Amino acid sequence: MSADILDFADPAFLDDPYPAFARQREAAPFAWHEGLQAFVATSHQHVSAVLRDRRLGRIFRPRQPEREWDTFNWLHADSILDSEPPKHTRLRRLVAGAFGRGHVQRLAPRVEQLATGLLDEATDGTAPFDVIESYAEPLPVLVIAELLGFPDIDRHLLRPWSQAIVKMYEVDRTPLQENQAREACRDFAAYVSDLAAHRIDHPGEDLLTDLVQIRDGSDKLSERELIATAVLLLNAGHEASVNGMGNGLHSWLAAGKPGPLDPDRPAAVEALVEEFLRHDSPLQLFERTATDDLEIAGVRIAKGQKAIALLGAANRDPAIFTDPDRFTPARTPNNHLAFGLGIHFCVGAPLARLELHISTRLLLTRYPELALVDAVRRPTFVLRGFESLIVAPGPTGSGG
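The structure reproduced in this document is the subject of the present report. (Residues numbered from 1 in each chain as written. Predicted model: local features only at pLDDT ≥ 70, side-chain atom pairs only at ≥ 80, totals over all residues. Heavy atoms only, no water.)

### With respect to helix H13 (residues 223–254)
Owing to its 3.6 residues per turn, the α-helix aligns residues three or four sequence positions apart on the same side.
So, step 1. Here H13 spans 46 Å end to end across 32 residues, near enough to the 46 Å set by a 1.5 Å rise per residue.
So, step 2. Of all 32 residues in H13, 26 are buried; the element is thus mostly enclosed.
So, step 3. At the C-terminal side of H13, Gly256 shows a positive phi close to 90°. (Helix = DSSP H or I, 4+ residues; strand = E, 2+ residues; numbered from the N terminus. Expected span 1.5 Å × (residues − 1). Buried < 20%, exposed > 50% of the residue type's maximum accessible area, 1.4 Å probe, protein only.)

Written out as structure tokens, the structure reads:
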């Protein structure tokens, strides 16, 4: 059986891939896709197997020519995301050690302050506004800049760099986008390098300082590993938060705001956010490469062949989720795979959840009658999201 039911070039598929996922899951939940030249998993069971099997690794292959792709290549080769044990084990231990110093927890009041300020500027309380442009998109950039200690005056640089780099993860990128990604990698890496050098003699109470100073015995992050970590935190963390909010809010509003939902109940908001992440996952595709011959569900994978985990498909699997296409705010249990699984489970997941919990609570508390006006989806698959999501505050909304 093949996985060619999935047409990644079809605009209708990009707009709504879930019906095709369901047909593919029923026909062959783990099968070869000729276009992608990879085995594709669409069920929760098979996606989990791909993500957990240590013989399927993140094998980064440097792009050529090396002279043009030098910075891009080492930013990936020296990151947690694109490394395997023992390097991955070492990097994750060091980065988790820096994260473990309470940086995420200390950010909660600041996240609330930043989100409140963005809501104040978004609308007068009566006019419709673009929740992506005004709220979901700027907030995680501000939060990650706060986390790493980037100066206020430079924060406008971060989003364009991230936008350019993450386009490299799509299956249909253009030569122009590749050139923009290379330039963004060079500029971002140079910026972080200068800032990290400054932190050596001028430490602050931020994650970048801890990444510069962190040691585990005689071990520490190299300069390139430190820079790659900072770049990854912006790119991965930002996209998860923006698209997690945009996709989830759209799903909930389009479904008629099923509830009831009390935003003053933390457990209710937490459950809503988990359903945001499950119902229309911000990251749809995660690729692995076989480091040895292996077999999954009776399918033989040869060393060097690729296996692709379709996270969004797994998160709509009826074997795991009752009525999976239905948006259920209080769904429990909600064993979604939006943040991955196994050794590459997203290291920034606690930060993404913190942002989503706070920003969702504030938005729905201020505008309990929020309504969907219009939505324009981005023509991308891997990082699924919206260009714009126009919402109306509702008749009881107020700007205060």
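### Some details on the packing of aromatic side chains
Aromatic ring pairs: the centre-centre distance and the angle between the two ring planes describe each pair.
So, step 1. One pass over the structure, following the stated rule, counts 16 aromatic pairs.
So, step 2. Summarising the aromatic geometry, the rings of Phe150 and Tyr191 are spaced 5.6 Å apart at their centres and angled 80° between planes, so their arrangement reads as edge-to-face. Taken as a pair, Phe150 in the loop between helix H9 (138–148) and helix H10 (158–166) and Tyr191 in helix H11 (residues 175–201) lie far apart in primary sequence, 41 residues in all.
So, step 3. For Phe150, a relative accessible area of 2% gives the class buried.
So, step 4. Ring geometry for Trp161 against Phe188: centres 4.9 Å apart, planes inclined by 20°, an arrangement best described as stacked. With Trp161 in helix H10 and Phe188 in helix H11, this residue pair connects regions lying 27 residues apart in the sequence. No difference in accessibility class separates Trp161 from Phe188, as the two residues are buried. (Phe/Tyr/Trp six-rings, centres within 6.5 Å; stacked < 30°, edge-to-face > 60°.)

### Describing the environment of Ile132
So, step 1. You can see Ile132 is positioned in helix H8 (residues 131–136).
So, step 2. Look at Ile132 and you get buried, because its relative accessible area is 2%.
So, step 3. C-alpha separation for the pair Ile132 and Ala313, spaced 181 residues apart in sequence, amounts to 24 Å.
So, step 4. Not counting residues up to four positions away in its chain, the partners in contact with Ile132 are Glu137, Pro138, Gly246, Phe386, Glu387, Ser388 and Leu389. (Contact = heavy atoms within 4.5 Å.)

### So, the sheet that holds strand S12 (residues 386–392)
So, step 1. Read across the open sheet, the three strands follow the order S4-S12-S11; overall the sheet is antiparallel. Each edge of the open sheet carries a strand with a single partner, namely strand S4 (129–130) and strand S11 (371–377).
So, step 2. Inspection of the sheet shows S11 paired to S12 by six bridges, in the antiparallel sense. Across the sheet, Ala371 pairs through a bridge with Ala392, a residue of S12.
So, step 3. On the sheet, H13 packs against S11 and S12 and is oriented at approximately 50° with respect to S12. (Pairing = 2+ DSSP bridges. Axes fitted to C-alpha atoms, helices over the stretch in contact; angles between N-to-C directions.)

### With respect to the sheet that holds strand S3 (residues 56–57)
So, step 1. The five strands are arranged S1-S2-S10-S7-S3 in an open sheet whose pairing can be described as mixed. On the outer flanks of this sheet lie strand S1 (30–33) and S3, each paired with one strand and no other.
So, step 2. Bridge analysis of S1 against strand S2 (residues 38–41) gives four bridges, and the strand direction is antiparallel. Among the inter-strand pairings, Phe30 is bridged to a residue of S2, identified as Ala41.

### Considerations on the nonpolar core
So, step 1. Within the largest apolar cluster, 83 residues are counted, with the highest numbers of intra-cluster contacts made by Phe150, Leu249 and Leu363.
So, step 2. Per-element tally for this core: the top contributor is H13, with eleven residues.
So, step 3. Those residues in contact with Phe150 that sit more than four places away from it in its chain are Ala145, Arg155, Leu158, Phe188, Tyr191, Val192, Leu195, Arg199 and Leu208.
So, step 4. Counting 20 residues, the second-largest nonpolar core is a separate cluster that includes Phe13, Leu14, Ala28 and Phe381. (Core = buried A, V, L, I, M, F, W, Y, C linked by side-chain atoms within 4.5 Å.)

### Observations concerning H11
So, step 1. Here H11 spans 41 Å end to end across 27 residues, near enough to the 39 Å set by a 1.5 Å rise per residue.
So, step 2. Considered for burial, the residues of H11 that qualify are Ala181, Arg182, Ala184, Cys185, Phe188, Ala189, Tyr191, Val192, Ser193, Leu195, Ala196 and Arg199.
So, step 3. Each element contacted by the buried residues of H11 is listed here: helix H4 (66–77), H9, H10, helix H12 (207–213) and H13.

### Digging into the side chain of Ser162
So, step 1. Assignment of secondary structure puts Ser162 in helix H10.
So, step 2. Classification of Ser162 as buried rests on a relative accessible area of 0%.
So, step 3. Here the side chain of Ser162 touches Asn235 through a polar contact of 3.3 Å, side chain to side chain. (Polar contact = N/O pair within 3.5 Å; in protein donor to acceptor, adjacent residues only side chain to side chain.)

### Some words on the packing of H13 against helix H16 (residues 349–366)
So, step 1. Packing of H13 against H16 leaves a shortest axis separation of 10 Å and a crossing angle of 40°. For the element pair H13 / H16, the angle class is oblique. Crossing hand, H13 versus H16: right-handed. Where H13 approaches H16, its residues Ser241, Gly244, Met245, Leu249 and Trp252 are matched on the opposing element by Ala352, Glu355, Leu356, Ser359, Thr360, Leu363 and Leu364.
So, step 2. Along the lines of polarity and charge, the residues of the contact of H13 with H16 split into seven nonpolar, four polar and one charged. (Parallel < 35°, antiparallel > 145°, perpendicular 65-115°, else oblique. Left-handed = near helix turned anticlockwise from the far one by under 90°. Nonpolar A, V, L, I, M, F, W, Y, C, P; charged D, E, K, R; others polar.)

### Here's the deal with the packing of H4 against H11
So, step 1. Running from amino to carboxyl end, H4 crosses H11 at an angle of 65°, the nearest separation of the two axes being 9 Å. By the angle class used here, H4 and H11 are roughly perpendicular. Of the two elements, H4 crosses H11, and the hand of that crossing is left-handed. Taking contact as the criterion, the partners of Glu68, Trp69, Thr71, Phe72, Trp74 and Leu75 in H4 are, on H11, Glu178, Arg182, Cys185, Arg186 and Ala189.
So, step 2. Here the residues of the contact of H4 with H11 sort into six nonpolar, one polar and four charged.

### Overview of the pattern of salt bridges
So, step 1. Summed over the entire model, instances satisfying the criterion amount to 22 salt bridges.
So, step 2. We note a salt bridge from Lys87 to Asp78, for which the minimum N-O separation is 2.5 Å.
So, step 3. The buried category is assigned to Asp78, whose relative accessible area is 13%.
So, step 4. A salt bridge links Arg159 to Glu137, with the nearest nitrogen and oxygen atoms 2.8 Å apart. Placement of Arg159 in helix H10 and of Glu137 in the loop between H8 and H9 is noted, with a sequence separation of 22 residues between them.
So, step 5. A relative accessible area of 11% places Arg159 in the buried class.
So, step 6. Within this structure, Arg90, Arg93, Asp219 and Glu225 form a network of salt bridges that share partners. (Salt bridge = Lys/Arg side-chain N within 4 Å of Asp/Glu carboxyl O.)

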